[in-house]
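Architecture and fold: a report
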Amino acid sequence: MKGKLITLEGIDGSGKSTITSFLNSHPSFANAVFTREPTTSWIGDAVYKAIQSDTDELAELMLFTADHADHIATLIRPAIEEGKIVISDRYSDSRYAYQGMTLKERMEEPMEWIQMIHRGWTIIPDLTLLFDIDPAVAVQRCSKRGEQTKFEKIDLLKGVRENYLKLAEKEPERFVVIDTDRKLKEIEKDVLQAITSIIEN
Ligand SMILES: Nc1ncnc2c1ncn2[C@@H]1O[C@H](COP(=O)(O)OP(=O)(O)OP(=O)(O)O)[C@@H](O)[C@H]1O
Ligand SMILES: Cc1cn([C@H]2C[C@H](O)[C@@H](COP(=O)(O)O)O2)c(=O)[nH]c1=O
């Protein structure tokens, strides 16, 4: 039996890692493979170097995309072929939404172009949970957390959020949008319901 790929997406501070930890300790997902992008490989390390410095935005996209290709080849495809459930904290939609913003002065329709360069080799998720939140609330949460990435700025995150919502509107059969400006218990319930309906089909 073929496995399932479930991805968690959303702007910085939207609550993806918090829900990933919840799922990781939930008995229903004891055999699932938990992963993330940027990955923990040397390419993922290079990505973190790029986003912690003033790297050219196109070079940054290429690094994120190389990390994605390696992630698919070494972990995602083999796990899915073994019939596993794979849960990834960020995946290709992060590139469409974030680099769709960072490259908007460099080209016309960057989001469509980035999607085009993924076509034919990426694996499309069975389910994408989009953690949606007002960027002002997300940035406030991030500031309490301490560490910051260069993308944690309200204006940029507003554009990233709009890109995510456009993606969700175009593919309603893949996306489930979760309002994360709520109590954790309510979010957990919606997440479990969305995942269960995909796994049981
Ligand atoms: N529903 C919630 N209500 C209040 N605070 C929350 C909620 N969910 C998460 N938080 C807090 O918000 C902060 C950011 O959450 P988290 O690290 O899970 O976000 P993230 O989407 O993984 O962020 P990033 O993409 O930047 O890693 C954390 O301090 C977390 O404890
Ligand atoms: C995969 C991916 C990530 N990003 C951005 C989103 C975040 O600001 C950082 C990763 O940091 P995290 O807090 O460890 O999730 O990188 C991106 O711009 N493009 C991508 O493809």
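Preceding this paragraph is the structure being described.
Okay, so let's go over this structure. A quick note: this is a predicted structure, and the numbers were derived from the prediction, not measured. (Residues numbered from 1 in each chain as written. Chains lettered and ligands numbered in written order. Predicted model: local features only at pLDDT ≥ 70, side-chain atom pairs only at ≥ 80, totals over all residues. Heavy atoms only, no water.)

Right, let's talk about the packing of helix H5 (residues 110–118) against helix H7 (residues 154–170) for a bit. It is at 12 Å that the axes of H5 and H7 come closest, and there the two elements cross at 60°. By the criterion of interaxial angle, the relationship of H5 to H7 is oblique. Read as a crossing pair, H5 and H7 show a hand that is right-handed. Of the residues in H7, those touching H5 at Met111, Glu112 and Gln115 are Asn163, Lys166, Leu167 and Lys170. (Axes fitted to C-alpha atoms, helices over the stretch in contact; angles between N-to-C directions. Helix = DSSP H or I, 4+ residues; strand = E, 2+ residues; numbered from the N terminus. Parallel < 35°, antiparallel > 145°, perpendicular 65-115°, else oblique. Left-handed = near helix turned anticlockwise from the far one by under 90°. Contact = heavy atoms within 4.5 Å.)

This paragraph deals with helix H6 (residues 135–145). For H6, the complete set of buried residues consists of Pro135, Ala138, Val139 and Cys142. Projection of H6 onto a plane perpendicular to its axis shows the buried side chains occupying an angular sector of 95°, all on one side. In H6, the exposed residues that point more than 90 degrees away from the buried face are Gln140 and Lys144. In this structure, the buried residues of H6 make contact with H7. Sitting at the amino-terminal end of H6 is aspartate 134, which places a side-chain oxygen 2.9 Å from the backbone nitrogen of alanine 136. Immediately downstream of H6, the backbone of glycine 146 shows phi near 105°, a positive value. (Buried < 20%, exposed > 50% of the residue type's maximum accessible area, 1.4 Å probe, protein only. Arc of directions from axis to C-beta. Polar contact = N/O pair within 3.5 Å; in protein donor to acceptor, adjacent residues only side chain to side chain.)

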